[in-house]
Amino acid sequence: MMRINKKILYINLIIFGTILIFNGTIKNVSAAAQTDLGTILSNNSNVSGVDRTVPKGLKGITNWFSVPTISSNDAVIVKPGDKVGSATNKGNSDVIALTQYGDTNKVGAIWAKRDQDSSSNHNYIDVNKKQTMSMWMFFGGAHKSGGADTGDGMALVLQNSTKGDQAFTTVPTSGFVGETLGVWGTEESLNDSSSTVSQRAIDNSWALEFDTYANYDDTSGAGNYFDGYDSGVYNAINHIGANYPASAATYVKSSPSAPMQMIHENPITKISSSDYSTNFLTDDRWHHITLTWTPPTSGSTIADMNLQYDDKTINGDLKTPGASKDYSIDLTKFNLSGGDKLYWGFTGSTGRSTENNLIVFESIPSIVEASTTAKIYDESSNRYIDTATTEDPNRNVVYNGDKLNVIYNLDYLSGTQSWNDIEANIKLPQKIDYSDAKITYTDASGNKTSEKIDLSGLSDSAIKYELAESLSESGIPHAEITFEGTANSGDTSSDVNVDRADASFDGSNLQQDTDTPAFVIKNTAKLNLAVSGDSTISALTNQNVDVKGLVSYSDSSTVDVSKLEVHAKVNGSSQELIGDASDNPFTFTVPADQLKVGQNTVTLHVVNKETHNASNEITFTINVTDNSLTLTVSKNSYFKTVQALPNDKLIERSGDWIVDVDDNRNSDSNWKLSASATALDNDWSGGLVYVGNSGGAEQSLTNSVINIASGNKDSDVSNSWASDTGILLKQDGAVKAGTYSSTISWVLSDSV
């Protein structure tokens, strides 16, 4: 009887006390009030010491997401200037209010428009492509330890449900609505099996929940134990976790008559870096989330979803994430049947406890997927600045006077639309004197165009600039923004740390952020370089040229030449010639093939390979005199067409012969030109001959080397021949009509 009465008591509590236990335990409830929606959307940077700025994000969300027509759906897309209740969105981004503080027993959902008529606005997750989703999320609460009475949170859901964009939890008549977050299954009675509960969840789905209410009551046998599987979860105020809502394996019972419990994969229950480590969701603040989908490797069905939680501040500065987790996702759970596109969106719910569940989207990967990176290149030491390592402890070091390039790369990866209306909001690194800036666009064929950035808009190392071009896969997929400058710490007594600097690239359909690496401007003895010997040198063509430099330190410390590397540029080329210094003064050889005839400018500096300390530049002028002796001849030359008779004659040349000697050497230099020829084919009787003077002797060129000309200056040899002199064709006997050929070999040489 005692067992029966206890069961009857439990049933009565469910029937008559639904509101009391709708969300399970109330052990986390606090008296603190939550902030009203109007204040959150006020876009005021300071409300009682709290930044209420609406995060920067996308507008036009209705192009890409829809609000399903399900019962009690509290979700609404609030455009800038629009009202929801008495609250006005005073920001510049669309805000999705999934649920609202004070609205009890509500659900919320918003789904990507995967199959809408407008193909350019199709919004989905392609399971075969790497994609990034980023957004801002707000979970209500209070900015104090323990937070406030909040419920129940939101879930990111990927699904291929048979209900499509109307997918939502099937809520049983007397079930626990709040704990489902609109995606999980729930129980009708204690007799429900795991299979029965899973059938009430969104089918063919995976969910990542941001749960603001721990559904667990261990004070009686009649409690709700949904979050009671893991002590880390049920003892937490907030938690993040994932699983497959429609899988029976997600739900377990300690006994056939016990309440249902949910298994949380990779739960996050505490964040040490947060102001309030346990109510890290419900701290009355916006939180930035980046989710990266990595498709399965070949032969696998397991994809990866990486979560970066709290990885950016409200003013747009990137920061170390408060939490980072990888979640494995089995594609077979979606029953895609050969397809590759998933719906994605958010669901949420309230029970007795409520909160403002808000979302601002930054990126929609199917519309535009792109990447942005930032780096700093030290021209003086020919390297990119990066984090110091054990092998290279000075990898993050530059020196006063170093020439630095701050470079931002924007790469379009995929999407149905171009990345349009891109405004660059760049905070450049401090302690650099900027002198020039430009954007270089590279189109799909590799052609480059550029536009100059006017630095008059630079203020306190910050600048805004709208790119003239959109980025797209078939148009211009790449843009590189380069700012040139010189390191200037303004302090020669100590090292100066320069913080990383954030930049955002905000388009109408994608917003991206990146930041430059932090670095140190080191105060140390300056490496000095001076010209040793002549700075102006004369040379001849095809002649290597040696230049000399002398290295010293500004504090007169000893120079270890084994640590020095020599960098040279010839005539402003972007490509450096690099060599080692083997002595001091050192000699650097400029290769002849790098020099042109006339004046050449060679710049030189040295770099310490260990410290990356770079010297000043020194300049050499190398004047190259053309000392060449060259011969130009026609590739093909012909003789005149003649009648077969008479049989014995000399055949003149046609007008297409070129034999030209170009002598750029000293006037006392001489040259000699000789030639030989092969026998004519097709049994020609006779051959090529050379006649030096009119009426002179004929010298056969066939397999014989004959002197043709000599001199000490330029000579147009063939032009000096008369019609009966020079190289002629000898006919000696009867020949058949036809075409005949021979090959002439020419030799041009120095002559004493």
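As the structure is a computational prediction, the values presented were derived from the model and not from experiment.

What counts, and at which threshold
Residues numbered from 1 in each chain as written. Predicted model: local features only at pLDDT ≥ 70, side-chain atom pairs only at ≥ 80, totals over all residues. Heavy atoms only, no water. Helix = DSSP H or I, 4+ residues; strand = E, 2+ residues; numbered from the N terminus. Polar contact = N/O pair within 3.5 Å; in protein donor to acceptor, adjacent residues only side chain to side chain. Pairing = 2+ DSSP bridges. Salt bridge = Lys/Arg side-chain N within 4 Å of Asp/Glu carboxyl O. Buried < 20%, exposed > 50% of the residue type's maximum accessible area, 1.4 Å probe, protein only.

Draft legend 1. Region of interest: the side chain of S205. Note on placement: S205 falls in strand 12 (residues 205-211). Within the structure, S205 has its side chain in polar contact with the backbone oxygen of I202 (distance 2.7 Å).

Draft legend 2. Examining the sheet that holds strand 45 (residues 659-663) more closely. An order of 43-45-50 is seen for the 3 strands of this open sheet, with the pairing classed as antiparallel. Across the chains shown, the open sheet's two edge strands, defined by having one partner strand only, are strand 43 (629-633) and strand 50 (715-716). Two strands pair when backbone bridges link them, and strand 43 and strand 45 are joined in this way by 5 bridges, in the antiparallel orientation. Following the sheet pairing, V633 is matched in strand 45 by V659.

Draft legend 3. Representation of the pattern of salt bridges within the structure. Enumeration over the complete set of coordinates arrives at 22 salt bridges. Taking the shortest distance from any N to any O, the salt bridge between E362 and K312 comes out at 2.6 Å. With E362 in the loop between strand 21 (357-361) and strand 22 (369-378) and K312 in the loop between strand 18 (302-309) and strand 19 (323-330), this pair connects stretches of sequence that are 50 residues apart. Since its relative accessible area comes to 3%, E362 is described here as buried. A salt bridge links E610 to K563; the nearest nitrogen and oxygen atoms lie 3.4 Å apart. Highlighted residues: E610 in the loop between strand 41 (598-608) and strand 42 (618-625) and K563 in the loop between strand 37 (545-553) and strand 38 (564-570), separated in sequence by 47 residues. Relative accessible area serves as the criterion here: at 45%, E610 is assigned to the partly exposed category. A residue is classified by how much of its surface remains accessible, and K563, at 29% relative accessible area, is partly exposed. Residues participating in the shared-partner salt-bridge network are R52, D284 and R285.

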